[in-house]
Amino acid sequence: MAFVSFLIPFVIGTDIAFSCQNTDDFVGASSPGDIVIGGLFAVHSEMLHPEEYPIKPVIQNCAGFEIQIFLQTLAMIHAIEMINNSTLLSGVTLGYEIYDTCAEVTKAMASALRFLAKFNSSKDVVEFKCNYSDYVPRIKAVTGATYSEVSMAVSRLLALQLIPQVSPASSAEILSDKIRFPSFFRTIPSDFHQTRAMAHLICESGWNWIGVIATDDDNGRFALESFGVQAMANNVCIAFKEMLPAYLSDNTFHTKVDHAIEKIVKETRVNVIVVFMRQFHVLKLFKKAIERNVKKIWIASDNWSAAVKISTIPNIRQLGTIVGFGFKSGDISTFQDFLRNLHKKPTDNNKFLHEYIMLLSVCAHLEYHDFQTCISNQSQDDLLQNVENKHQIWRDDFLNANIEPGFIHSTILAVYAIAHAIKGQCKDRNCKDPSAFTPWELLEELKKVTVIDDDKEIKFDSNGDMSTSYDVLLWKEVDGHMEITIMAEYDPEKGDFVFEDEEKKKEFLDLKKVQSTCSQHCRPGQMKKVTESPHTCCYECVYCPENHYSNQTDMDDCYRCNNKTYWAPINSTTCYRKTIHFLAWTDWFAIFLLLLSAVGVVLVLSISVIFTKNLNTPVVKASGGLTVCYIILFSHFLIFLSTVFFIDEPTEFKCKTRQALFGISFALCISCILIKSLKILLAFSFDPKLQNFLKCVYKPVPTVVTCTGIQVVICTFWLIFRTPFVKQNFSIPREIILECNEGSIVAFGIMLGYIAALAFICFIFAFKGRKLPENYNEAKFITFGMLIYFIAWIVFIPVYATTFGKYLPAVEIIVVLISNYGILCCTFLPKCYIIIYKQETNTKSAFLKMIYTYSSKSAGSIAVSQISLDSRSSSSRATISDSCKSEKNSVNGNCHFQVPGQRLIKGKVLPKDTARTTARKRLSSI
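These numbers come from a predicted model, not from an experiment.

J.: I tried to follow the pairing of strand 2 (residues 35-41) on my own but got confused; where do I start?
T.: Consecutive side chains along a regular strand alternate between the two faces of the sheet. A large share of strand 2 lies buried, amounting to 7 of its 7 residues. Neither face of strand 2 is exposed, since Ile 35, Ile 37, Gly 39 and Phe 41 on one face and Val 36, Gly 38 and Leu 40 on the opposite face are all buried. Where strand 2 lies against strand 5 (residues 94-100), 7 bridges are found, and the strand directions are parallel. Across the sheet, the residue bridging to Gly 39 is Ile 98, located in strand 5. Here strand 2 runs beside strand 6 (residues 141-143); their pairing, made up of 3 bridges, is parallel. What sits directly across from Ile 37, in strand 6, is Ala 141.

J.: Would you mind going over a nonpolar patch on the surface with me for this structure?
T.: A cluster of nonpolar side chains, Phe 784, Leu 787, Ile 791, Val 795 and Val 799, forms an exposed patch at the surface whose accessible area comes to about 420 Å². Note on placement: Ile 791 falls in helix 26 (residues 778-802). Using a relative accessible area of 55% as the deciding quantity, one classes Ile 791 as exposed.

J.: For this particular structure, what's the right way to read a negative patch on the surface?
T.: Where like charges cluster on the molecular surface, the negative patch consists of Glu 500, Asp 501, Glu 502 and Glu 503. Topologically, Glu 503 is positioned in helix 18 (residues 502-510). For Glu 503, a relative accessible area of 55% translates into the label exposed.

J.: Would you take a moment to explain the pairing of strand 27 (residues 735-741) for this structure?
T.: With 5 of 7 residues buried, strand 27 is to be regarded as a mostly interior element. Pairing analysis gives 3 bridges linking strand 25 (residues 579-581) to strand 27, with the strands arranged parallel. Note that in strand 27 the partner of Ile 580 across the bridge is Ile 736. One ladder, built from 5 bridges, connects strand 26 (residues 725-729) with strand 27; its direction is antiparallel. Across the sheet, residue Phe 725 finds its bridge partner in strand 27, namely Asn 741. Turn length for the strand 26-strand 27 hairpin, with the two strands adjacent in sequence and antiparallel, is 5 residues.

J.: What is the right way to look at the sheet that holds strand 27 in this model?
T.: Sheet strands pair via backbone hydrogen bonds, and the direction of the pair is either parallel or antiparallel. Strand order in the open sheet made by the 3 strands is 25-27-26, with mixed pairing throughout. Each edge of the open sheet is held by one strand with a lone partner, namely strand 25 and strand 26. Averaged over neighbouring strand pairs, the angle between their axes works out to 30° when direction is ignored.

J.: Honestly, unusual backbone geometry in this entry has me stumped. Any pointers?
T.: Both trends apply: most residues other than glycine have a negative phi, and most peptide bonds are in trans. The linkage connecting Gly 144 with the following residue, Ala 145, adopts the cis geometry, with an omega of 5°. Turning to its location among the elements, Ala 145 is positioned in the loop between strand 6 and helix 5 (148-158). A positive phi angle, near 65°, is found at Asn 547, a position not held by glycine. Take Asn 547: it is sitting in the loop between strand 20 (539-543) and strand 21 (548-549). You can call Asn 547 partly exposed: its relative accessible area is 23%. For Asp 648, which is not glycine, the phi dihedral falls at a positive 75°. Position of Asp 648 relative to the elements: it lies in the loop between helix 21 (625-642) and helix 22 (652-684).

Reading the values: rules and limits
- Residues numbered from 1 in each chain as written.
- Predicted model: local features only at pLDDT ≥ 70, side-chain atom pairs only at ≥ 80, totals over all residues.
- Heavy atoms only, no water.
- Buried < 20%, exposed > 50% of the residue type's maximum accessible area, 1.4 Å probe, protein only.
- Helix = DSSP H or I, 4+ residues; strand = E, 2+ residues; numbered from the N terminus.
- Pairing = 2+ DSSP bridges.
- Patch = residues over 30% accessible without salt bridge, like charges linked within 9 Å, V, L, I, M, F, W, Y side chains within 5 Å.
- Areas by Shrake-Rupley, 256 points an atom, 1.4 Å probe, with all protein chains shown as cover.
- Salt bridge = Lys/Arg side-chain N within 4 Å of Asp/Glu carboxyl O.
- Lys, Arg positive; Asp, Glu negative; His and termini not counted.
- Charge placed at Lys NZ, Arg CZ, Asp CG, Glu CD.
- Axes fitted to C-alpha atoms, helices over the stretch in contact; angles between N-to-C directions.

See below:
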């Protein structure tokens, strides 16, 4: 370790490599063949920049040997050797020229210019032509480049001659644009699928507040843009974005790395960081993060998700959890066998292999990670100075340990795709002649190529991409060192994660234990209320209001309960069906009212029995006879019965029946009582004019039929044109009140008003006859009954108008019962009392005596009243002749009244026999 600490500053200070003396020195690895394929790989991580001034247009050498990219060049060589040793091209051999781009566009463009050089041109001359259809360049196709930024530049240049370029690693979404990059293909999916997979993973894990770090180059910017779109679609907010310089030689690189670390530390709510960077950028970032004890979840892009040299950083476990997306790997066992025999390969035409062998010799004494660091930091000059006294040591285990299967597989796939396209062109041509076909013809063939990979047919889509899947990689510690394991597979077409077993699925679900949100998750029953923050992920959680609910976490809005039959309390997770209420049979108040009705029915029946048994008594006869009593009692029975239709669940039949039954029954009852009032008044009235009027009005049957018939007509019209119906009342928040809507309040009012009018007329007539004989004072009780009726219904109107709920029908029942009981009791109970308890007064003689006394008083009162009226009309006071005081002056019962100034008036004194006769007539008329 001390040796490395001494060596690294020495290397940096003397980092001078071989100068490019001629174009052949520029080639990293080559092999002749009938058809030559070019290769572009960033075997070194950076190109050195000259310190002299002024800067001259000289291609500089590179530093930072990348084992993983070196392995990709070996994979290309291995694939070409496999094809040459097979029958795929039928004797046609493939050659290759592989160049090191040093992750630099300038170096890559120099290599591309050589690709464009004319075949067999000794001076590598690129001819300028208007039409390159017949032009035969040095190579037929290109594999590479490693980074998207380099591929964009190279592809534009190769498009001049439509030379096919198949990249195993450049994933930028913009490269799918066939207008700008018509000759570009790749054996991996576009970044569109990778960023969508990342956003899907973040969303599935319940994270919505994340940070992003990317390199400030085309690849980083395009990846960040694509991820931003996908994150927004999945309701994921980016708390911060940090861009690091694309080149390590940038003077601001370390400053910006420190700034990025400070940002990560400062944003304590951000626990997930997405990283779109190259491997050497990630190395620098992670070393600084380990120093600051940063522990997060890191989402790795395909550039570094399987990087062994990063996974072997000391104390890498302190960084937290690393989850990445890598390209789906296939069977690379033949390549691993190739690596085991690599030390037997000649190094004359492979400068990369030669450099690697020298690196092994210099760094062989070091432990694994120090060995890796040593290789990455050695320069070619150092190798020349240090290898002289070193024995060559081979470590094939080191190469196998650094394999990134996805990149190796996609590189082999790229070579085989080109080979299959060449096979298609060589069917009817002699391909040993390099001019047998041109690159643009190979390009057209490549669009139709189908390659068999693991028994699956894969081909390029219309964008030049191969839609292979991703491996979701999880870095986990095993036996003290970090291993990169496959946790799941992501299918870009379906957008789903596929797990091999439940253990892998559990590892995926365990990611949810880490919180990375701007705000706490809103529980079911709550909704998000956006705050002043520009990010939609920052919000407050508020309870759902009444009649709203949310049944998921982090809902933007609460759902409204979908109709009036449901309700929800505040902070509800579901809607509840409203309870349907009505005045049920089992309700205690309904039972009480039914008992009152039942008592009323019993009372009606009892009165009927009493009257039937005492049919021939004066009280029953004075009540209008059994027929009238039965009609009145039957109407009372129907009124009591109508209360049943106000109870239990309303139906159309009940709603229509209850008011009509009550209205008609009450009209019948009042009509009969009205006839009784008229009859009583007619029997006991001594006013001739009133008697004449009452005789005209008193028509019992027509009057009852007419009065009741009018009510029947009112109810009929009501039921036909505005019939009552069952209505759901939603005025109570959590209940549905089933009630009868009267259909027309006007019709309902007319019906009640008509009954009130009959009752008022009955009241007037009954009031006129309130001073009847004591044993027959029915008119007085009828008056009381009508008063009870009026009071009950006058109180009913405001109470009914202000009452709501299931007890609304009970209000009407109470009024019906009060008015019905009042009339029934006032009409029949006094008579029943006389029949049962005062039987001595319930005789014909007792009635005659009472009527006789009443008639005598009434007749005397009338005579005195007439005399009083006549005496007031005279101018002088009238005197009564003394002869009238003596029986002598009485002639045949006549008494003469003498008034001064007037003629003699005769007054007739009624004899006792005449009074008795009158009493009998009134009794019989009643």
